[in-house]
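# Fold and contact review
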Amino acid sequence: MAATPAGQHAHWSSRFAFILAAVGSAVGLGNLWRFPFQTGDNGGSAFVLIYIGCVALFALPVLMAEIAIGRHAQQSAISSTRKMAQEAGKSANWAIVGWVCTAGGFLILTTYSVIAGQVMAYSASGFVGGFSQPDGANLFYQGEFTQLAWHAGFMIITVLIVARGLKGGIEQVATILMPLFFVMLIGLTIYSLATGAASEAIAYLFTPDFSAVTGQTFVAALGQAFFSVSVASAIMITYGSYLSKDTNIGSSAIMIASADTLVALIAGLMIFPIVFMVGIDPAAGLGLIFTALPAVFADMPAGNIIGGAFFALAFIAAITSSISLLEGTVAFLEENTSFSRPTAAWLLGFFAFMIGAGAVWSSDFGGLFVDWLSGSFLLPLGGLLVAVFAGWVIPRSLMRDELSHASNGLFAFFHFCVKYIVPPAIGFILLLGLDAKFNGGAFGSMLGLG
Ligand code: PHE
């Protein structure tokens, strides 16, 4: 089924196909589920501003670096970082950069699929009128075995697409679903702004209130930026490896990061008017879209259809992201073992399913631990390593060659960020996160960031 003859690396059909697939990867549950609850948990507008800063200063330069590394070496993340380090006369052990990122991406997939399964179940509930029955949002999501079945179903769809390969699978799905996603997003947002508490939502999202900012706001904003832009998880190196030499990486990266940020803000404008309309606490945590929204859909005109459509939208966003999460590890296995692409996809899909299954039984493990491990630890660490790699390990001239279309100004910004801004800033934020987790935040409070 692999569309590419052995020994030859697949390529996107066009730059547009790459952008759609990369935006498809970036736009996901991170925008529709994680961004709203992180914003709610971290006090609203100040978080939004810090988040945008993290995207521009940290996630965008790392994204450029990753696409450039992948395009240069034309291999999976682990092999690409090894190859490029060796080419620069450095140790092959720099492949650790690829390993950390690949592990982070794989780990995200495990619980991502559980949440996406819940999204599918809620969409189905909406379309059969479930939201207007007491506890009806859960209609199709009761009991652990049902929950496992949805998780399995979502993972199987992901595997089936990835097994079909780059052009017949990933690219085709992105080109069909992403335009549909944007049309639905705009439609639902207009509806929500027209019927919900629009001005309250806008004030909540965009009137800066810095009194709520602590060290943890930065930890959360950074983790969210990396998660949402799909960096530090091997995906963008892998997707970059399918690019041809004439693609402008700088402008592509700017488009991907901007589209993702715009969708997060629009998602905020879609969700918070509804949340405020009935006075639900925006800091309802992980369950914000699963508990707060269905309660509101129950009382809205055509709430079942709107609710079903909202969760269908989230499903579309999720599937174009989960295929990228699986692709990162499948590309590695396909390249370094004798497994065919379908075998690699089924095998890794099965392992990811098994780990995710643990989350169905223990939300502490799934919701909290895995989310912490990937969002607050592996992603920042991976991003830090990518930046050190691109800024310090690989010579500036080699990065310049790969980013040859970028203007001098953009390249200078990029190189300054990966060399001097990203490593110390992320190192510090990583420390704050570990301090909060294992040390009760003592270090943060000592610095007045408690
Ligand atoms: N960016 C995706 C989202 O917002 C999740 C993701 C993270 C995908 C990392 C790939 C890599 O939902």
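Right above here is the structure, for reference.
Counting starts from 1 at the beginning of each chain's written sequence and moves along it residue by residue. Residue-level local features of this predicted model are given only where pLDDT is at least 70; pairs of side-chain atoms are given and counted only at 80 or more, and the full residue set underlies all totals for whole chains, interfaces and linings. Values shown for side chains rest on all heavy atoms present in the structure; no hydrogens or waters enter the calculation.

Pairing of aromatic rings covers Phe, Tyr and Trp, the last counted by its six-membered ring, and requires centre-to-centre distances within 6.5 Å; plane angles under 30 degrees mean stacked, over 60 mean edge-to-face, and any other angle means tilted. If you walk through the whole model with that rule in mind, you get 28 aromatic pairs. On the basis of an interplanar angle of 50 degrees and a centroid distance of 5.2 Å, the ring pair of Tyr204 and Phe272 is categorised as tilted. With Tyr204 in helix α8 (residues 198–206) and Phe272 in helix α11 (residues 249–277), the pair connects residues that are 68 residues apart, well separated along the chain. Burial status follows relative accessibility: with a 1.4 Å probe on protein chains alone, a residue under 20% of its type maximum counts as buried, one over 50% as exposed, and anything between as partly exposed. Since its relative accessible area comes to 17%, Tyr204 is described here as buried. Phe272 gets classed as buried once you look at its relative accessible area, which sits at 0%. Segments assigned H or I by DSSP are reported as helices when at least four residues long, segments assigned E as strands when at least two residues long, and all are numbered from the N terminus.

Moving on, we come to the site of the ligand. Any residue with a non-hydrogen atom lying within 4 Å of a molecule or strand is treated as near it. Within the structure, the ligand sits among 16 residues, and Ala26, Gly30, Tyr112, Phe227 and Ser230 are positioned closest to it. One of the side-chain N or O atoms of Ser230 is found 3.0 Å from a nitrogen atom in the ligand. Computed with the Shrake-Rupley method and a 1.4 Å probe, the accessible areas treat only the protein chains shown as cover for residues. Look at the ligand: alone it shows 320 Å² of surface, and the protein chains cover 100% of it. Looking at the shell around the ligand, the elements that each hand over two or more residues are α1 (15–26), α2 (29–41), α5 (96–127), α9 (215–229) and α13 (303–336). Any pair of N or O atoms that falls within 3.5 Å is considered a polar contact. Within protein, one atom must be able to donate a hydrogen and the other to accept it, and sequence-neighbouring residues count only if both atoms are side-chain atoms.

Now for the packing of helix α6 (residues 144–163) against α13. Here an axis means a line fitted to C-alpha atoms, over the contact stretch when the element is a helix, while the angle between two N-to-C directions is reported on a 0 to 180 degree scale. Packing of α6 against α13 brings their axes to within 9 Å, and their N-to-C directions diverge by 60 degrees. As summarised for this structure, α6 and α13 are arranged oblique, according to the angle between their axes. Viewed along their axes, α6 and α13 form a crossing whose handedness is right-handed. Contact residues: α6 offers Phe154, Ile157, Thr158, Val159, Ile161 and Val162, while α13 offers Phe315, Ala318, Ile319, Ser322, Ile323, Leu326, Glu327 and Val330. Of the residues belonging to the contact of α6 with α13, the class tally is 11 nonpolar, two polar and one charged. Note on angle classes: values under 35 degrees are labelled roughly parallel, values over 145 roughly antiparallel, values of 65 to 115 roughly perpendicular, and the remainder oblique. Definitions for this section: a left-handed crossing has its near helix turned counterclockwise from the far helix by less than a right angle. A right-handed crossing has that turn clockwise. Only heavy atoms matter for contacts: two residues are in contact if any of them lie within 4.5 Å across the pair. Basically, the charged four are Asp, Glu, Lys and Arg, the nonpolar ten are Ala, Val, Leu, Ile, Met, Phe, Trp, Tyr, Cys and Pro, and anything else, Gly included, counts as polar.

With that out of the way, let us pick up the pattern of salt bridges. As a working rule, side chains carrying opposite charge can pair if their charged atoms are close by. Think of a salt bridge as a Lys or Arg side-chain nitrogen and an Asp or Glu carboxyl oxygen that are within 4 Å of each other. Scanning the entire structure with this criterion turns up four salt bridges. With a closest N to O distance of 2.8 Å, Arg341 and Glu327 form a salt bridge. Of this pair, Arg341 sits in helix α14 (residues 341–361) while Glu327 sits in helix α13; the two residues are 14 residues apart in sequence, bridging distant segments of the chain. As far as the burial class goes, Arg341 and Glu327 line up, both buried.

Here α1 spans 16 Å end to end across 12 residues, near enough to the 16 Å set by a 1.5 Å rise per residue. Listed as buried for α1 are Ala17, Phe18, Ile19, Leu20, Ala21, Ala22, Val23, Gly24, Ser25 and Ala26. Any helix carries an expected span of 1.5 Å times its number of residues minus one.

Another aspect to go through is the packing of helix α7 (residues 166–195) against α13. A pair of packed helices can be characterised by two numbers: the angle between their axes and the separation between those axes. Here α7 crosses α13 at 150 degrees, and the two axes come no closer than 10 Å. When the axes of α7 and α13 are compared, the crossing they make is left-handed. Along its contact with α7, which presents Ile170, Val173, Ala174, Leu177, Met178, Leu180, Phe181, Met184, Leu185, Leu188 and Tyr191, the element α13 presents Ile306, Ala309, Phe310, Ala312, Leu313, Ile316, Ala317, Ile319, Thr320, Ile323 and Glu327. Of the residues in the contact of α7 with α13, the class split is 20 nonpolar, one polar and one charged.

The analysis is restricted to geometry; functional conclusions fall outside its scope.
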